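Read off the chains here:
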Amino acid sequence: MIPKTPFSSPLPELPEPKRRRWLQWLVAAQVLFVLGVAAAGYATAALGRTLWLSTQPVDPRDLLYGDYLNLRYQINELPGQLWRGSTPPRRQQAAYVLLAPAADGTYAATAIYPERPATQGSQVVLRGSVQAVWRRGVRLRYGLERYYVPETMSRQLRQRRAMRVQISVAPWGQARIIKLETTARQ
């Protein structure tokens, strides 16, 4: 006989109609979650503002998903003087980066805020999270750092260093990669 422990006790029996109702609610919640994730992606593309960022690829490989480029943007590591919060930034904190167009057509960071700032003209706000803080800078992550590509394309892209990435930024700060383009070597 197996001794009873708090972890080995069976779940309480529910009457058949209640069990069926719980199962229906569970399936409905899962379906709504999947639809919500898909809708957020489509909303970012449909409602978002399109802009270009400068980046450099790093070339790892994932056994499950294949080749991808690990993209390092100029806006991933920013000077600490751009921080506009009343307290210093801390790891895993949400950060909102105010982007403005540069002369070359890409967008560059002009300020980092702990809360979403107001924009003017062609400025865009990109939501990220603080990954590291050091004396003179802040490292941010946006969820745009990995881009999966076909194996033949990844070989071509690894040969060039300078790239531009077109992204769509939703009004709430979520971003999505639309297109990747190589530029002349720097």
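Just above, that's the structure.
(A) Quick look at the overall build of the protein chain. Each helix and strand counted, the protein chain has 2 helices and 11 strands in total. Listed N to C, the secondary structure of the protein chain is α-β-β-β-β-β-β-β-β-β-α-β-β in terms of helices and strands. Within the protein chain, buried positions represent 34% of all 186 residues. Summarising the internal contacts of the protein chain: among those between residues at least 6 apart in sequence, 63% fall at separations of at least 24. Per element, the accessible surface of the protein chain, about 12800 Å² overall, is 56% carbon and sulfur.

(B) Highlighting the sheet that holds strand 5 (residues 94-101). Overall, antiparallel pairing links the 5 strands, which are arranged 4-8-7-5-6 in an open sheet. Where the open sheet ends on each side, the last strands, each with one partner, are strand 4 (77-79) and strand 6 (107-113). Each neighbouring strand pair of the sheet contributes to a mean axis angle of 45°, computed without reference to strand direction. With 3 bridges connecting them, strand 4 and strand 8 (residues 137-141) associate as antiparallel partners. The partner of L78 across the bridge, within strand 8, is V138.

(C) How the structure looks around the nonpolar core. Counting residues in hydrophobic clusters, the biggest one holds 29 residues, and the most contacted among them are L99, L140 and I167. Mapped by element, the contributors of at least two residues to this core are strand 1 (49-58), strand 3 (66-73), strand 5, strand 6, strand 7 (124-134), strand 8, strand 10 (163-169) and strand 11 (175-182). Among the elements that take part in this core, strand 10 stands out by supplying 4 residues, more than any other. I167 has contacts with R49, T50, L51, L53, L144, A175, R176, I177 and I178, leaving out every residue within four places of it along the chain.

(D) Here's a closer look at unusual backbone geometry. Positive phi, normally seen in glycine, also occurs at Q92, with a value near 65°. Taking relative accessible area as the criterion, Q92 reaches 54% and is therefore assigned exposed.

(E) Structural context of the layout of surface pockets. Taken as a whole, the largest pocket spans an internal volume of roughly 270 Å³. Residue lining of the largest pocket: 12 residues in total, with N70, L71, N76, R141 and E145 positioned closest to the centre. Sorting the residues of the lining of the largest pocket by element identifies strand 3 and strand 8 as the ones contributing at least two each. Of the residues contributing to the lining of the largest pocket, the split by class is 3 nonpolar, 3 polar and 6 charged.

Calculation criteria
Residues numbered from 1 in each chain as written. Predicted model: local features only at pLDDT ≥ 70, side-chain atom pairs only at ≥ 80, totals over all residues. Heavy atoms only, no water. Helix = DSSP H or I, 4+ residues; strand = E, 2+ residues; numbered from the N terminus. Buried < 20%, exposed > 50% of the residue type's maximum accessible area, 1.4 Å probe, protein only. Contact = heavy atoms within 4.5 Å. Areas by Shrake-Rupley, 256 points an atom, 1.4 Å probe, with all protein chains shown as cover. Pairing = 2+ DSSP bridges. Axes fitted to C-alpha atoms, helices over the stretch in contact; angles between N-to-C directions. Core = buried A, V, L, I, M, F, W, Y, C linked by side-chain atoms within 4.5 Å. 1 Å grid on protein atoms, 1.4 Å probe; cavity = no way out; pocket = protein on both sides within 12 Å on 5 of 7 lines; lining within 4 Å. Points joined across faces, edges and corners; volume = space filled by probe spheres on them. Nonpolar A, V, L, I, M, F, W, Y, C, P; charged D, E, K, R; others polar.

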